Amino acid sequence: EPLLAVQGLTKSYDGWSKALDGVSMAVARGEFVSIIGSSGAGKSTLLRCANRLVDPTQGTVSFDGADVTRVKGRDLRQVRRRISMIFQHYNLVYRATSIENVLQGRLGYKSTVAGALGLFSEEEKRRAFEVLDQVGLADFAYTRTDQLSGGQKQRVGIARALVQDPLLMLADEPIASLDPKSSRTVMEQLRWAADELGIACLVNLHQVDFALEFSDRIVALKKGRLVFDGLPSQLDETA
Ligand code: ADP
Ligand code: ADP
């Protein structure tokens, strides 16, 4: 059974045009899947349906045995706890330090964390430090995130995602604001999370070269429809 499965997913925001149109795809445990397609193709909508930030108009989403389109309250929170998100613009609290931002992954995204280190146990702080070390930012744990480079900010975003012990990480254009070198570092860290920690990654990318290099599988969307689902080597043949 796949970790995440979407079936016949359709989303219309305005009641007539379709951001997603009958999309079916799945992600296995520990699998790295990239979604490619031009701006407006529906990539972001697909990710947002996976943790129900967006309610699909039709179709089903299942995650780790739960029917995401039906769960409510505590069960929905349980689903979201095991699905973490990484954003193009990082979504960090800039007046807070790296470690405070990571600990926010434990609290939920809405809380304000500057100066809140005292709220956390030694064990939680140890764990936050551990994930910062895993993304190579141990030396920046107590640095305010507005002092970090773009690549470093995104690595804090990855650490914040890792601290949730997710089964799935959803990354929405994680490298779109980064230079090629930082982009590579971020992709390597996501790939590492899949390989070493068994965390499935579903990553929206408009850079096809990075998708080809780092993915187990590629899904291509065009105007809301799935137009390719296969191995990177197969995409090469059709392109
Ligand atoms: P992508 O991530 O591939 O750029 P999106 O999923 O963001 O694609 O968008 C797909 C389509 O849905 C676009 O036409 C976009 O304008 C529309 N759309 C996305 N989000 C919203 C929203 N919150 N309200 C209305 N339309 C939206
Ligand atoms: P990116 O790392 O995304 O390319 P920049 O171009 O802003 O972002 O950073 C260029 C270099 O400067 C990088 O090697 C980065 O690690 C370093 N850098 C930027 N800000 C800081 C900082 N506050 N402390 C230490 N190094 C920094």
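This one's a predicted model, so the numbers in the text were calculated from it and none came from an experiment. (Residues numbered from 1 in each chain as written. Chains lettered and ligands numbered in written order. Predicted model: local features only at pLDDT ≥ 70, side-chain atom pairs only at ≥ 80, totals over all residues. Heavy atoms only, no water.)

1. Some words on the packing of aromatic side chains
Working step 1: Taken as a whole, this structure holds one aromatic pair when the rule is applied.
Working step 2: Residues Phe210 and Phe214 carry aromatic rings whose centres are separated by 6.2 Å and whose planes lie at 25° to one another, so their mutual orientation is stacked. In this pair, Phe210 and Phe214 are both assigned in helix H7 (residues 208-214), four residues apart and thus about one turn of the helix distant. Here Phe210 matches Phe214 in class, with each residue buried. (Phe/Tyr/Trp six-rings, centres within 6.5 Å; stacked < 30°, edge-to-face > 60°. Helix = DSSP H or I, 4+ residues; strand = E, 2+ residues; numbered from the N terminus. Buried < 20%, exposed > 50% of the residue type's maximum accessible area, 1.4 Å probe, protein only.)

2. Structural notes on the sheet that holds strand E9 (residues 217-222)
Working step 1: Strand order in the open sheet made by the six strands is E6-E7-E8-E3-E9-E10, with mixed pairing throughout. Only two strands of the sheet have a single partner each, and these edge strands are strand E6 (83-87) and strand E10 (225-230). The sheet shows a mean angle of 15° between the axes of neighbouring strands, taken without regard to direction.
Working step 2: Across five bridges, E6 lies against strand E7 (residues 168-172) in parallel orientation. What sits directly across from Ser84, in E7, is Met169.
Working step 3: Across the sheet, helix H1 (residues 43-50) touches strand E3 (32-36), E6, E7, strand E8 (200-204) and E9, and the angle it forms with E7 is around 150°. (Pairing = 2+ DSSP bridges. Axes fitted to C-alpha atoms, helices over the stretch in contact; angles between N-to-C directions. Contact = heavy atoms within 4.5 Å.)

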